[in-house]
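Okay, here's what each chain looks like letter by letter:
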Amino acid sequence: SKKKIRVQALIDQLGLRNAAKTVIGDEGHRGVSGGERRRVSIGIDIIHDPILLFLDEPTSGLDSTSAYMVVKVLQRIAQSGSIVIMSIHQPSYRILGLLDRMIFLSRGQTVYSGSPMNLPHFFDEFGHPIPENENRTEFALDLIRELEGSPGGTKSLVEFNKTWQNMKQSRNTNAHSDSQGLSLKEAISASISRGKLVSGATNNDASSPTSMVPNFANPAWKEMVVLSQRSVTNSRRMPELFGIRAGAVIVTGFILATIFWQLDSSPKGVQERLGFFAFAMSTTFYTCADALPVFLQERYIFMRETAHNAYRRSSYVLSHTLTSLPALVFLSFAFSAITFWAVGLDGGFFFYFLMMFASFWAGNSFVTFLSGVVPHVMLGYTIVVAILAYFLLFSGFFITRDRIPPYWIWFHYLSLVKYPYEAVLQSEFGNPVKCFVRGVQIFDNTPLAAVPTAMKVRLLETLGRTLNMRITTSTCLTTGVDILDKEAVNQLSKWSCLWITVAWGFFFRFLFYFSLLLGSKNKRR
């Protein structure tokens, strides 16, 4: 409750109440104004009420009114007890009136340090009085630039500043010290005394009160809840991402259902089922490529927040995983429901749905891992498409396992498409009593397919006499198990393939976590 009160108070302090419900926006989405965006970035850094705030040109790129409002906000922050230091180029007269102290620099040398009110007196004594109607800072900057171009440079002004500072210090030795006379170290001590900040542990002494300060402000479950809510909010703001993905899956399922409509159990039907399964399994992986830009868009936000221990990396990975599951369940069910009955599959809808979900899960995890390793979207898409093509090539559809050269067999077992493909084949052709080739159908995929049926029957009788067995037009010559043996799908059961596919998903989530630990560290730390 205190944190929520702090957030609302800071929104008022920054003058952002009217924009509180407005999206920040980017190049493609209109959001807050430039001045409001600048104030939001300031608010992110002062939400924890720091002792010292350093800003590099907070007014650059803003119009005079927005720049004044930003500096006015910074003045209120300073008045609350913080120390605000900022660099600024050519401040307006109004901004000048808000500053307590100013330092003019010229090539690394201090040419003036003091109150803006003392500028006229300083340059009077230097021999260059400021005209009555001229902006003080513009006059000072013009004079400094003019001196920099002279043979002696600003050396005379630097020396005069040192002399002037010594004279002022000797004059104020017995004067009453005010806040503007404090050194930076004294000002920080004063801020701490007002309860501005509790510093973290500096030693390993367990009895020290500072050693009790936790590394993270919230428990892991709370971080996961907040991050999940943020992820859901971002998804709701961009429904087109999920809509396009769902549309691609549904359209692909519809096309497959209409092309492979009600396949029979003939030899040609068997070959068509194999083609359907290979394309369906690869589709589940290719449609997961939209997960690539999700983390890439949040990468710099993630780096900034985790650099200051705003939350654990494990909480981010878990929340990222949980929020992706409902979409995967929907896509899996939609694709399964469209294709299962339309194609005329026999393996059982529930297992077919589970295998589709496991495939979406493994594909999504794989692409998420790549997003943590590859820093650019276009490079990531290129790598994803290439690797998924290799997975399909070594899945066992184009060339069976027993025909793959020994030096490439390792890639066959690394292929993510292999296990879903073999699982649905086991489910479809695993029934040992179902027949797929009867009698004369044995000639369907041979040059003898054009021979008259009567001739085929006589060929069968001759073949039977040769083998000492009776073969008729109704004799089953090929069962589902024979097809699995022909396709070299006989090492793993369908449930083993399912669990291996699920395990691949968890494995890539762990790799994603380690990629965040190693590759997404803030370089300033």
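For the structure, check the block above.
These lines cover the structure that appears in this document, whether it is placed above or below. The shown structure was predicted, so the numbers you read here are calculated from the model rather than taken from an experiment.

This brings us to the packing of aromatic side chains. Enumeration according to the criterion identifies 42 aromatic pairs in this entry. Geometrically, the ring pair formed by phenylalanine 122 and tryptophan 164 is edge-to-face, given 5.0 Å between the ring centres and 85 degrees between the ring planes. One end of the pair, phenylalanine 122, is in helix α5 (residues 119-126); the other, tryptophan 164, is in helix α7 (residues 155-171), with 42 residues separating them in the sequence. By the burial criterion, phenylalanine 122 is buried, and tryptophan 164 matches it. With centroids separated by 5.6 Å and ring planes inclined at 80 degrees, the aromatic side chains of phenylalanine 340 and phenylalanine 349 adopt a geometry described as edge-to-face. On the accessibility criterion, phenylalanine 340 (7% relative accessible area) is buried.

Formed by 66 residues in total, the largest nonpolar core has its most connected members in Phe276, Phe277, Tyr316, Tyr352, Phe366, Leu425 and Phe429. The greatest single-element share of this core, amounting to 12 residues, is contributed by helix α14 (residues 349-373). Beyond its immediate sequence surroundings of up to four residues, phenylalanine 276 is in contact with Leu256, Phe260, Thr339, Val343, Leu345 and Tyr352.

Taken together, the side chains of Val251, Phe254, Ile255 and Ile259 define a hydrophobic patch exposed on the protein surface, amounting to about 400 Å² of accessible area. Within the secondary structure, isoleucine 259 sits in helix α10 (residues 239-259).

A separate point is the packing of helix α2 (residues 34-46) against helix α3 (residues 64-79). A pair of packed helices can be characterised by two numbers: the angle between their axes and the separation between those axes. Relative to each other, α2 and α3 sit at 20 degrees, their axes nearing to 9 Å. Overall, the two elements α2 and α3 adopt an arrangement that is roughly parallel. As α2 runs across α3, the sense of the crossing is right-handed. Counting all contacts with α2, which are made through Gly35, Arg38, Arg39, Ile42 and Ile46, the residues of α3 involved are Ser66, Met69, Val70, Val73, Leu74 and Ile77. Grouping the constituent residues of the contact of α2 with α3 by class yields seven nonpolar, two polar and two charged.

A few words on the state of the cysteines. If you walk through the whole model with that rule in mind, you get one disulfide. Paired through a disulfide, cysteine 435 and cysteine 476 show a sulfur-sulfur distance of 2.3 Å. With the S-S bond torsion at 110 degrees, the cross-link from cysteine 435 to cysteine 476 turns out right-handed. One end of the pair, cysteine 435, is in strand β5 (residues 435-438); the other, cysteine 476, is in strand β6 (residues 476-479), with 41 residues separating them in the sequence. Cysteine 288 supplies the cysteine sulfur nearest to cysteine 497, a cysteine that is in no disulfide, at a spacing of 19 Å.

Bringing the packing of helix α13 (residues 313-343) against α14 into the picture now. α14 packs onto α13 with a crossing angle of 135 degrees between their chain directions and a minimal axis gap of 8 Å. When the axis of α13 is compared with that of α14, the two are oblique. Considering only the axes of α13 and α14, their crossing is right-handed. Tallied by class, the residues present in the contact of α13 with α14 amount to 16 nonpolar, eight polar and no charged.

Enumeration over the complete set of coordinates arrives at eight salt bridges. As a salt-bridge pair, arginine 17 and aspartate 12 come within 3.0 Å of each other at their nearest N and O atoms. In this structure, the salt-bridge partner of aspartate 290 is arginine 245, at a minimum N-O distance of 3.4 Å. On the criterion of sequence distance, the pair formed by aspartate 290 in the loop between α11 (267-286) and α12 (292-307) and arginine 245 in helix α10 is long-range, its members being 45 residues apart. You can call aspartate 290 partly exposed: its relative accessible area is 28%.

Quick notes on the rules
- Residues numbered from 1 in each chain as written.
- Predicted model: local features only at pLDDT ≥ 70, side-chain atom pairs only at ≥ 80, totals over all residues.
- Heavy atoms only, no water.
- Phe/Tyr/Trp six-rings, centres within 6.5 Å; stacked < 30°, edge-to-face > 60°.
- Helix = DSSP H or I, 4+ residues; strand = E, 2+ residues; numbered from the N terminus.
- Buried < 20%, exposed > 50% of the residue type's maximum accessible area, 1.4 Å probe, protein only.
- Core = buried A, V, L, I, M, F, W, Y, C linked by side-chain atoms within 4.5 Å.
- Contact = heavy atoms within 4.5 Å.
- Patch = residues over 30% accessible without salt bridge, like charges linked within 9 Å, V, L, I, M, F, W, Y side chains within 5 Å.
- Areas by Shrake-Rupley, 256 points an atom, 1.4 Å probe, with all protein chains shown as cover.
- Salt bridge = Lys/Arg side-chain N within 4 Å of Asp/Glu carboxyl O.
- Axes fitted to C-alpha atoms, helices over the stretch in contact; angles between N-to-C directions.
- Parallel < 35°, antiparallel > 145°, perpendicular 65-115°, else oblique.
- Left-handed = near helix turned anticlockwise from the far one by under 90°.
- Nonpolar A, V, L, I, M, F, W, Y, C, P; charged D, E, K, R; others polar.
- Disulfide = S-S within 2.5 Å.

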